[in-house]
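Spelled out from the first residue to the last, the chains are:
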There are 2 protein chains.
Amino acid sequence: MDSINFKDLLKERGYKLTPQRQAVLDIIIEHNGEHLSTEEIYALVKEKYPDIGLATVYRTLLLLDDMDLVYKLDFDDGLSRYELNNKNEDHRHHHLICLNCSKVLEVQEDLLDTLEEQILTKNKFKVTDHRVKFYGYCEHCSEKE
Amino acid sequence: MDSINFKDLLKERGYKLTPQRQAVLDIIIEHNGEHLSTEEIYALVKEKYPDIGLATVYRTLLLLDDMDLVYKLDFDDGLSRYELNNKNEDHRHHHLICLNCSKVLEVQEDLLDTLEEQILTKNKFKVTDHRVKFYGYCEHCSEKE
DNA sequence: TTCTATTCTGAAAATACTTTTCACAATAGA
DNA sequence: TCTATTGTGAAAAGTATTTTCAGAATAGAA
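Residues numbered from 1 in each chain as written. Chains lettered and ligands numbered in written order. Predicted model: local features only at pLDDT ≥ 70, side-chain atom pairs only at ≥ 80, totals over all residues.

With that settled, the discussion passes to the relation of the copies chain B and chain A. Between the two copies, chain B and chain A, the superposition gives an RMSD of 0.0 Å; the rotation angle is 180 degrees and the shift along the axis is 0.0 Å. Both copies of the chain, as the preceding transformation shows, are related through a two-fold rotation axis. Residue Val132 of chain B, judged by its C-alpha, is the member of chain B lying nearest the rotation axis, at 2.2 Å. Mapped onto chain A, 100% of the interface residues of chain B again fall at the interface, so both copies present the same surface. (Least-squares fit on C-alpha atoms with pLDDT ≥ 70 in both. Contact = placed C-beta atoms within 7 Å.)

Turning next to the protein's contact with DNA strand D. In the vicinity of DNA strand D lie 26 residues, with Thr18, Gln20, Gly53 and Thr56 of chain A together with Ser80 of chain B positioned nearest. Looking at the surface near DNA strand D, the elements with two or more residues in it are α2 (19-30) and α4 (54-66) of chain A together with α1 (3-12) and α4 (54-66) of chain B. At four residues, α4 of chain B tops the list of elements feeding residues into the surface near DNA strand D. When grouped by side-chain class, the residues that make up the surface near DNA strand D number nine nonpolar, nine polar and eight charged. (Near = placed C-beta within 6 Å. Helix = DSSP H or I, 4+ residues; strand = E, 2+ residues; numbered from the N terminus. Nonpolar A, V, L, I, M, F, W, Y, C, P; charged D, E, K, R; others polar.)

The next point concerns α2 of chain A. Residues that lie three or four places apart on an α-helix share one face, since the helix turns once every 3.6 residues. The end-to-end C-alpha distance of α2 of chain A, which contains twelve residues, comes to 16 Å, matching closely the 16 Å that a straight helix rising 1.5 Å per residue would cover. Buried within α2 of chain A are the following residues: Arg21, Ala23, Val24, Leu25, Ile27 and Ile28 of chain A. (Expected span 1.5 Å × (residues − 1). Buried ≥ 20, exposed ≤ 12 C-beta atoms within 10 Å, placed from the backbone.)

Facing 28 residues of chain B, the contacting portion of chain A comprises 28 residues. Among the secondary structure elements, those contributing two or more residues to the side of chain B that touches chain A are β5 (104-107), α5 (112-123), β6 (126-137) and α6 (139-143) of chain B. Classifying every residue of the side of chain B that touches chain A gives 13 nonpolar, seven polar and eight charged. Two strands pair when backbone bridges link them, and strand β6 (residues 126-137) of chain A and β6 of chain B are joined in this way by eleven bridges, in the antiparallel orientation. The residue bridging Val132 of chain A from the neighbouring strand is Val132 of chain B, located in β6 of chain B. (Pairing = 2+ DSSP bridges.)

Here the focus is the sheet that holds strand β2 (residues 70-73) of chain B. All names here are of chain B. One open sheet holds the three strands; their spatial order is β1-β3-β2, and the pairing between them is antiparallel. Single-partner strands in this sheet number two, and they are β1 (36-37) and β2. Direction of pairing for β2 relative to strand β3 (residues 81-84): antiparallel, over a ladder of four bridges. Bridge pairing in β3 links Lys72 to Tyr82.

Strand direction decides the pairing type here: β1 of chain B and β3 of chain B, joined by two bridges, are antiparallel. Looking at β3 of chain B, one finds that Ser37 of chain B is bridged to Arg81 of chain B.

A separate point is the environment of Val70 of chain B. Mapped onto the elements of the fold, Val70 of chain B is located in strand β2. Between the alpha carbons of Val70 of chain B and Ile29 of chain B there is a distance of 9.6 Å; along the sequence they are 41 residues apart.

Residue and element names in this part refer to chain B. For strand β4 (residues 94-98), a buried count of five out of five residues is recorded, marking the element as mostly surrounded by other parts of the structure. Both faces of β4 are covered, namely the face carrying His94, Leu96 and Cys98 and the face carrying His95 and Ile97. Looking at chain direction, β4 and β5 are connected through four bridges and run antiparallel. If you follow His94 over to β5, its bridge partner there is Val107. Summarising the sheet, β4 and β6 pair through four bridges and their orientation is parallel. Each bridged residue has a counterpart across the sheet, and for Leu96 the counterpart in β6 is Phe134.

Attention now moves to the domain arrangement of chain A. Accessible area lost on assembly of the parts is the figure often given for the size of an interface. For chain A, the assigned domains read domain 1 (3-84) and domain 2 (94-143). Here the C-alpha centre of domain 2 of chain A lies 25 Å away from the C-alpha centre of domain 1 of chain A. (Domains from an automatic or database assignment.)

In structure tokens form, the structure reads like this:
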């Protein structure tokens, strides 16, 4: 996501491109693959843009989520986390959350297309997105038992 | 879940059976199939047990979730919701959340066993539970477009 | 049954995360 | 450059949840 695209996307929705918005998006792009919390994003943005306020970070994350540039995640730790919506990814990936060490792994699998078709047929519900979380024990924590 | 079983389950963990705990569980059982929020549960329990405090309801729901008697749900409305963990159900059901009217449907499907096997093989991650949410448009809201 | 260590409860205070308010600042199109 | 409009930071407010604490209730022992 370069700034020219971002500016256009904002404009489509009547929003302006500001250094703060760019800075928040930049951090999320730089940390692609991580699951940063709002406070973590705030701290990282502050390194480059010390005057930014926490409220602006919250507002920007809301905006980016609404624009589908990021995905909001919930790993049950009480924090909102975000990851870049990698549009070149064939399918959304799923998260494996270790109940022991809380580590989060990612799986690229997607068997859910079949399921989504069945849901449309049986329930007449048109699925547009899904969120899947698997809980269990990672390799390291499984061995320790 | 009759009170005798509940009492034993509590005892196993060093907890006592109190009228408050029973009352909260009773309400959840009575409303099986619904997705009650904490405040809704509080209001319903209060009808039968007017002196109960909100903190006790929070504490009890935490306990019931920990004991796997209920499932905590998150439909992205800022509220914690709970449903009875129906252990005679073959598989967990999934929720279909309508992005337009916010109605929540349930699907009994479970194609995830195959996926979980693949996850164990490829990622050496032992899945013990999963949460799946599908977002989209219900029959009624699809038609209106 | 009575006693008593322990757990539990209600109310209020405290937390934690998030949103809103408001006055001032910055953006972008004219 | 001008200016309508949107955006921002700081602080306050909001909302859901957890903790504190003194008194009450439970359950096992006596």
